[in-house]
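Residues per chain are reported as follows:
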Amino acid sequence: MNVLVTGGAGYIGSTIASALLDAGHTPIVLDNLLTGREEFTEGRIFYKGDIADRGLIEAIFEKHSPIYCAIHCAAMALVPESVAKPYEYYRENVAKSVELFKLLSDLGCSRMVFSSSASLYDDVEGFKVTEDSPLKARSPYARTKLMMEMVLQDMCAAYDMRAISLRYFNPIGADPKLRSGNPGKNSTLVLGKLIAAATGSEDGFCITGTDWPTRDGTGIRDYVHVWDLAQAHICAVEKFDSVMEDAAVSSGYLVINLGLGNGVTVREIVEAFKSVHTDPFIVEEGPARPGDVAGAYASNERAKKLLGWSAQLTIEDGIRDALRWDALKVLKDGL
C-alpha cells in the first residue's frame with residue numbers, strides 16, 4: 001500500500017517510514033526539513049515541501065495514486081519553543097494541518113492517522129490515564145495537538161473521512177537498524193539528559209523534584225520505544241477499516257493511547273540507565289522546575305483490543321538503542 005507520511009524525515013516519522021518499508025508498504029515522505037533530516041529519507045520516495053502546498057500534494061497524488069492512508073506526523077514539537085513562538089506553532093501545527101486534512105479529503109484519501117500527544121492529559125489520581133481521562137493542555141504545543149484533535153473530529157463528522165489519533169507518551173530509543181534516531185543534540189528530556197551526563201557533554205544529571213506523591217517522590221512517566229510506536233502505526237494502517245468498525249464510533253473519529261503501560265519514575269529510569277551504561281556519572285537532586293507535573297502513564301487496553309498492539313521492547317532496550325544512536329552520531333560528526 002502507498003502511505004503518505006508527513007514529517008517523515010523527523011525522529012518518529014522516519015521510524016514509521018522504515019517500519020512501513022519493512023512491512024512491505026511504500027511510504028511517500030513529505031517534509032519541509034525545518035527540523036527533519038534529509039538523510040533519514042534515503043532509499044525512499046521523498047518530496048521536500050509544505051503540507052499546505054496544494055499543488056505539490058495534488059502532484060504527489062497524481063503520481064502515486066492510490067494512496068491508501070495518510071499519517072500526519074509533521075509538527076513543531078518543542079514545548080519551551082512553543083511558549084516563545086506561539087504564532088509559529090499555531091500556524092504550522094494548526095492552520096496548515098486544517099488545509100492538509102481538507103485537501104486529503106478532496107483527493108479521496110479518507111483514512112488518516114494523526115500523531116497526537118499524551119501532553120493533553122490532566123493530572124489524575126493514580127497517574128494512569130485512559131482515552132476518556134480529563135484533558136488539560138498546558139502549553140501552546142499541547143494546545144495545538146488538542147485543537148487538531150477537535151478539528152479532526154468535526155471534519156470526520158462533516159466530510160467523507162475517518163481518523164485515528166494516536167496519543168504518544170514519551171518515545172525513546174532509535175530504529176534498531178540505526179537508519180534514524182533522535183537528531184537532537186541537547187535534549188531536555190530525561191533520557192537525553194542522562195546520555196549527556198554519561199558521555200561527559202554535561203557535568204551530571206539532576207533529578208528535578210523529589211517530593212511528588214509517587215512511590216519514590218520523583219516524577220512518573222511512560223517511556224515507549226520509538227520502534228514500538230512505529231509498529232502501532234503499521235497496525236493502525238493495516239487494520240484501519242476493521243478498527244473503526246470494531247470501535248463503533250459514529251463520528252468516524254477515534255483516540256488510542258500508545259505507551260508502555262507502566263509508570264516509571266525518574267529514579268527508576270536512572271537505575272535502568274545505570275544497568276545498561278555501567279560507567280559512573282554524577283546524579284544530583286534538585287527542586288522541581290516551573291511547570292513540572294507529577295506525570296502520567298498510559299492505559300493500553302484500547303490499543304490491545306482494537307489494534308492488537310502492545311509494546312514489545314523494554315525501557316532497557318530503548319536506553320541501549322539511544323546510546324547506540326548517540327555513538328553513531330558522534331562517529332559521523334567526527335568524520
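You'll find the structure just up there.
Given the structure is predicted, the values throughout are model-derived calculations rather than measurements. (Residues numbered from 1 in each chain as written. Predicted model: local features only at pLDDT ≥ 70, side-chain atom pairs only at ≥ 80, totals over all residues. Heavy atoms only, no water.)

K.L.:
Which residues make up the pattern of salt bridges, and what are the values?
P.N.:
Enumeration over the complete set of coordinates arrives at 23 salt bridges. One salt bridge in this structure joins Arg 179 and Asp 22, with 2.9 Å as the shortest N-O distance. Of this pair, Arg 179 sits in the loop between β8 (170-172) and α6 (190-198) while Asp 22 sits in helix α1 (residues 11-22), and the two are 157 residues apart along the sequence. Taking relative accessible area as the criterion, Arg 179 reaches 26% and is therefore assigned partly exposed. (Salt bridge = Lys/Arg side-chain N within 4 Å of Asp/Glu carboxyl O. Helix = DSSP H or I, 4+ residues; strand = E, 2+ residues; numbered from the N terminus. Buried < 20%, exposed > 50% of the residue type's maximum accessible area, 1.4 Å probe, protein only.)

K.L.:
Could you give me a rundown of the side chain of Ser 82, with the residues and numbers involved?
P.N.:
By the secondary structure assignment, Ser 82 is in helix α3 (residues 79-84). For Ser 82, the side chain forms a polar contact with the main-chain oxygen of Val 79, separated by 2.7 Å. Once residues within four sequence positions are removed from consideration, Ser 82 is found in contact with Tyr 89, Ser 139, Pro 140 and Tyr 141. (Polar contact = N/O pair within 3.5 Å; in protein donor to acceptor, adjacent residues only side chain to side chain. Contact = heavy atoms within 4.5 Å.)

K.L.:
Lay out the packing of helix α2 (residues 54-64) against helix α4 (residues 86-106) with the relevant residues and their values.
P.N.:
α4 packs onto α2 with a crossing angle of 35° between their chain directions and a minimal axis gap of 11 Å. Viewed along their axes, α2 and α4 form a crossing whose handedness is right-handed. Contacts between α2 and α4 pair Arg 54, Ile 57, Glu 58 and Phe 61 from the former with Leu 100, Leu 103, Leu 104 and Asp 106 from the latter. Residue classes in the contact of α2 with α4 are distributed as five nonpolar, no polar and three charged. (Axes fitted to C-alpha atoms, helices over the stretch in contact; angles between N-to-C directions. Left-handed = near helix turned anticlockwise from the far one by under 90°. Nonpolar A, V, L, I, M, F, W, Y, C, P; charged D, E, K, R; others polar.)

K.L.:
Tell me about unusual backbone geometry, residues and numbers included.
P.N.:
The amide bond that connects Ser 65 to the next residue, Pro 66, takes the cis arrangement and shows omega of 0°. One can find Pro 66 in the loop between α2 and β4 (67-72). One non-glycine residue, Leu 178, lies in the positive phi region at around 60°. Topologically, Leu 178 is positioned in the loop between β8 and α6.

K.L.:
Explain helix α5 (residues 140-158) to me, using residue names and the numbers behind them.
P.N.:
In an α-helix, one turn spans 3.6 residues, which is why side chains three or four residues apart end up on the same side. The end-to-end C-alpha distance of α5, which contains 19 residues, comes to 27 Å, matching closely the 27 Å that a straight helix rising 1.5 Å per residue would cover. Listing the buried residues of α5 in full gives Pro 140, Tyr 141, Ala 142, Thr 144, Lys 145, Met 148, Glu 149, Leu 152, Met 155 and Cys 156. Residues of α5 that are buried sit in contact with α3, α4, β5 (111-117), β7 (162-168) and β12 (253-258). (Expected span 1.5 Å × (residues − 1).)

K.L.:
I'd like a description of the layout of surface pockets, backed by residues and values.
P.N.:
Each pocket or cavity is described by its volume, and for the second largest pocket that value is around 180 Å³. Contributions of two or more residues to the lining of the second largest pocket are made by α5 and β12. Looking at the lining of the second largest pocket element by element, the count peaks at four residues for α5. (1 Å grid on protein atoms, 1.4 Å probe; cavity = no way out; pocket = protein on both sides within 12 Å on 5 of 7 lines; lining within 4 Å. Points joined across faces, edges and corners; volume = space filled by probe spheres on them.)

K.L.:
Account for the environment of Asn 32, naming residues and giving values.
P.N.:
Considering the arrangement of structural elements, one finds Asn 32 in the loop between β2 (26-31) and β3 (45-48). Overall, the relative accessible area of 32% leaves Asn 32 in the partly exposed class. Setting aside its immediate chain neighbours within four residues, Asn 32 contacts Lys 48, Gly 49 and Glu 92. A polar side-chain atom of Asn 32 sits 2.9 Å from the main-chain amide nitrogen of Leu 34.

K.L.:
Hey, could you go over the sheet that holds strand β1 (residues 2-6) for me, with residue numbers and the actual values?
P.N.:
Taken in spatial order, the seven strands of this open sheet run β3-β2-β1-β4-β5-β7-β12, and their pairing is parallel. Two strands bound the open sheet, and with one partner strand each, they are β3 and β12. Averaged over all adjacent pairs, the angle separating strand axes in this sheet is 20°, with direction ignored. Pairing of β1 with β4, which is carried by five bridges, proceeds in the parallel orientation. Opposite Val 5, over in β4, you have Ile 71 as the bridge partner. On the sheet, α5 packs against β5, β7 and β12 and is oriented at approximately 155° with respect to β5. Sitting on the sheet, helix α8 (residues 240-247) is in contact with β4, β5, β7 and β12, with an inclination near 90° to β7. (Pairing = 2+ DSSP bridges.)

K.L.:
Outline the side chain of Ser 117, supporting the account with residue identities and numerical values.
P.N.:
Along the chain, the position of Ser 117 falls in strand β5. In this structure the side chain of Ser 117 is engaged in a polar contact, spanning 2.7 Å, whose partner is the side chain of Ser 119. Among all residues touching Ser 117, those that are not within four sequence positions of it are Tyr 141, Lys 145, Leu 166, Arg 167 and Tyr 168.

K.L.:
Just give me the short version of the packing of aromatic side chains, but keep the residues and values in it.
P.N.:
Aromatic rings in a pair are described by how distant their centres are and how their planes are angled relative to each other. Under the defined criterion, the tally for this structure stands at four aromatic pairs. Their ring planes at 25° and their centres at 6.2 Å tell us that Tyr 121 and Phe 169 sit as a pair that is stacked. Of the two residues, Tyr 121 is situated in the loop between β5 and β6 (128-129) and Phe 169 in the loop between β7 and β8; the sequence distance between them amounts to 48 residues. Look at Phe 169 and you get buried, because its relative accessible area is 7%. Centroid distance Phe 273 to Phe 281: 5.7 Å. Interplanar angle 90°. Geometry classified as edge-to-face. Sitting over the face of the ring of Tyr 159, Lys 102 holds its NZ or CZ atom 5.2 Å from the ring centroid. (Phe/Tyr/Trp six-rings, centres within 6.5 Å; stacked < 30°, edge-to-face > 60°. Lys NZ or Arg CZ within 6 Å of the ring centre and 35° of its normal.)

K.L.:
How would you summarise the packing of α4 against α5 if you had to cite specific residues and measurements?
P.N.:
Where α4 meets α5, the axes come as close as 10 Å, and the angle between the chain directions of the two elements is 20°. The angle between α4 and α5 places the two elements in the roughly parallel class. Classified by chirality, the crossing of α5 by α4 is right-handed. Contacts from Pro 86, Tyr 89, Tyr 90, Asn 93, Val 94, Ser 97, Val 98, Phe 101 and Lys 102 in α4 reach Pro 140, Tyr 141, Arg 143, Thr 144, Met 147, Met 148, Val 151, Leu 152 and Met 155 in α5. (Parallel < 35°, antiparallel > 145°, perpendicular 65-115°, else oblique.)

Nothing here speaks to function; it is all geometry.
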